Every structure is written in structure tokens, then in C-alpha cells.
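Here is what each chain is made of, one letter per residue.
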Amino acid sequence: MLRIVLINILLFLLPFLIYAAYVVWVKGVAPNRAMAGAPFLWLILAGLVVLFIGLLTLVEFTGGDREGSYQPSVLQDGVIKPGGID
């Protein structure tokens, strides 16, 4: 779960990181002043769009079979057999 939260935070911050890298690299601004005067509204909107696309991609291409049924984990002969979607 923590991995998914960290990935979502990174996806949201990606436009900010790209903007800061652009300002530092191309315009030659000092790294500690990179976000001064940044277009925060546009960066927030771009971050939300990237996050939304990332979430849609995650939902579409991960997870088990949507038509299957969940089988819980069971204890057989002293060994736990993991559950899953069949």
C-alpha cells in the first residue's frame, strides 16, 4: 500500500520536478530559487492530470480476473496456501 501511495505522490509532483529542472537547467536560475514565480495553478492541474492518468492505468492493467471469485487463504497440513482470485 505504501508503494502505491508513494507512486501517486511522485506522479503528482512530476510536473513540479520537470518545471524546476527546466528553470535550473535552461534559464540558469539557482536551485533554491527555481520555484519562485512558478505557475502553481498550471502545475497543480498538470499534476492532477498525470495522477489521474496514472490511476486509470493502474486500475486497468493490474489486479486479478474481474469475473473470478475470491478464494481465501487456507491452512492445509500446517502450511498456509495463499488465496487469490480464480
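Preceding this paragraph is the structure being described.
Quick look at the structure, then. Not measured: the values here are computed from a predicted model.

Looking at the overall build of the chain
Part 1 of the reasoning: Counting its regular elements, the chain contains 2 helices and 4 strands.
Part 2 of the reasoning: Secondary structure of the chain in N-to-C order comes out as α-α-β-β-β-β.
Part 3 of the reasoning: With the C-alpha coordinates aligned to their principal axes, the bounding extent of the chain is approximately 65 × 30 × 15 Å.
Part 4 of the reasoning: Going through the 86 residues of the chain one by one, you find that 13% of them count as buried.
Part 5 of the reasoning: Summarising the internal contacts of the chain: among those between residues at least 6 apart in sequence, 35% fall at separations of at least 24.
Part 6 of the reasoning: As presented, the chain carries roughly 7,000 Å² of accessible surface, and 71% of it is formed by carbon and sulfur atoms.
Part 7 of the reasoning: Positive and negative side-chain charges in the chain, numbering 5 and 5 respectively, have mean positions lying 25 Å apart.

Observations concerning a nonpolar patch on the surface
Part 1 of the reasoning: A surface patch of nonpolar side chains, about 990 Å² in accessible area, is lined by Met1, Leu2, Val5, Leu6, Ile9, Leu10, Leu13, Leu14, Leu17 and Ile18.
Part 2 of the reasoning: Turning to its location among the elements, Ile18 is positioned in helix α1 (residues 2-25).

Here's the deal with unusual backbone geometry
Generally, phi is negative for residues other than glycine and the peptide bonds are trans, each holding for most cases.
Part 1 of the reasoning: We note that Asp77 has phi near 55°; this positive angle belongs to a residue other than glycine.
Part 2 of the reasoning: Along the chain, Asp77 falls in the loop between β2 (74-76) and β3 (79-81).

Examining the packing of aromatic side chains
Part 1 of the reasoning: Counting across every chain of the model gives 1 aromatic pair.
Part 2 of the reasoning: On the basis of an interplanar angle of 50° and a centroid distance of 5.8 Å, the ring pair of Phe12 and Phe16 is categorised as tilted. Of this pair, Phe12 and Phe16 are both found in helix α1, 4 residues apart, which corresponds to roughly one turn of the helix.
Part 3 of the reasoning: Among the residues examined, Phe12 registers a relative accessible area of 24% and is labelled partly exposed.
Part 4 of the reasoning: Accessibility expressed as a relative area gives 14% for Phe16, which makes it buried.

Section: the environment of Ser73
Part 1 of the reasoning: Positionally, Ser73 belongs in the loop between β1 (70-71) and β2.
Part 2 of the reasoning: Put simply, Ser73 and Gly84 are 11 residues apart on the chain and 7.6 Å apart in space, counted from C-alpha to C-alpha.

Some points on the environment of Phe40
Part 1 of the reasoning: Within the secondary structure, Phe40 sits in helix α2 (residues 40-61).
Part 2 of the reasoning: Of the residues examined, Phe40 reaches a relative accessible area of 41% and is grouped as partly exposed.
Part 3 of the reasoning: Every residue in contact with Phe40, bar those within four places of it in the chain, is listed here: Phe16 and Met35.

Considering α1
Part 1 of the reasoning: Over its 24 residues, α1 extends 32 Å from the first C-alpha to the last, a length consistent with the 34 Å expected when each residue adds 1.5 Å.
Part 2 of the reasoning: Along α1, the sharpest change in direction is near 45° and occurs at Leu13; proline Pro15 comes one to four residues later.
Part 3 of the reasoning: Within α1 the residues assigned to the buried category are Asn8, Pro15, Phe16, Tyr19, Ala20 and Val23.

Considering the packing of α1 against α2
Part 1 of the reasoning: At a minimum axis separation of 8 Å, α1 and α2 run at an interaxial angle of 145°. When the axes of α1 and α2 are compared, the crossing they make is right-handed. Of the residues in α2, those touching α1 at Ile4, Asn8, Leu11, Phe12, Leu14, Pro15, Phe16 and Tyr19 are Phe40, Leu43, Ile44, Ala46, Gly47, Leu48, Val50, Leu51, Gly54, Leu55 and Leu58.
Part 2 of the reasoning: Classifying every residue of the contact of α1 with α2 gives 16 nonpolar, 3 polar and no charged.

What counts, and where the lines are drawn
- In every chain, residue numbers begin from 1 and rise along the written sequence.
- Local features in a predicted model are, by the rule used here, given only for residues with pLDDT of at least 70; side-chain atom pairs are given and counted only at 80 or more, and totals for whole chains, interfaces and linings are based on all residues.
- Excluding hydrogens and water, the side-chain values take into account all heavy atoms of the structure.
- Secondary structure is summarised from DSSP: a helix means a run of H or I of at least four residues, a strand means a run of E of at least two, and numbering begins at the N terminus for each.
- The buried label goes to any residue with under 20% of its type's maximum accessible area, the exposed label to any with over 50%, and the partly exposed label to all in between, with areas taken from a 1.4 Å probe on protein chains only.
- Only heavy atoms enter the contact rule, under which two residues are in contact if any of them lie within 4.5 Å.
- The protein chains shown are the only cover counted for residues, whose accessible areas, like all others here, come from Shrake-Rupley with a 1.4 Å probe.
- This count recognises Lys and Arg as positive and Asp and Glu as negative, with His and chain-terminal groups excluded.
- Every charge is mapped to an atom, namely NZ of Lys, CZ of Arg, CG of Asp or CD of Glu.
- Patch definition: residues above 30% relative accessible area lacking any salt bridge, with like charges linked at up to 9 Å and the nonpolar side chains Val, Leu, Ile, Met, Phe, Trp and Tyr linked at up to 5 Å.
- One speaks of a salt bridge when a side-chain nitrogen belonging to Lys or Arg is within 4 Å of a carboxyl oxygen belonging to Asp or Glu.
- Pairing of aromatic rings covers Phe, Tyr and Trp, the last through its six-membered ring, and needs centres within 6.5 Å; plane angles under 30 degrees mean stacked, over 60 mean edge-to-face, and all others mean tilted.
- To estimate the expected span of a helix, count its residues, drop one, and scale the result by 1.5 Å.
- Axes are fitted to the seven residues ending at a residue and to the seven starting at it; the angle between these axes is taken as the bend at that residue.
- Angular values range over 0 to 180 degrees, each being the angle between N-to-C directions of two axes fitted as lines to C-alpha atoms, with helices fitted over their stretch in contact.
- Handedness of each helix crossing follows the sense of rotation of the near helix against the far helix: counterclockwise by less than a right angle gives left-handed, clockwise gives right-handed.
- Think of it as three bins: nonpolar holds Ala, Val, Leu, Ile, Met, Phe, Trp, Tyr, Cys and Pro, charged holds Asp, Glu, Lys and Arg, and polar takes everything else, Gly as well.

The values are spatial; any link to function lies outside them.
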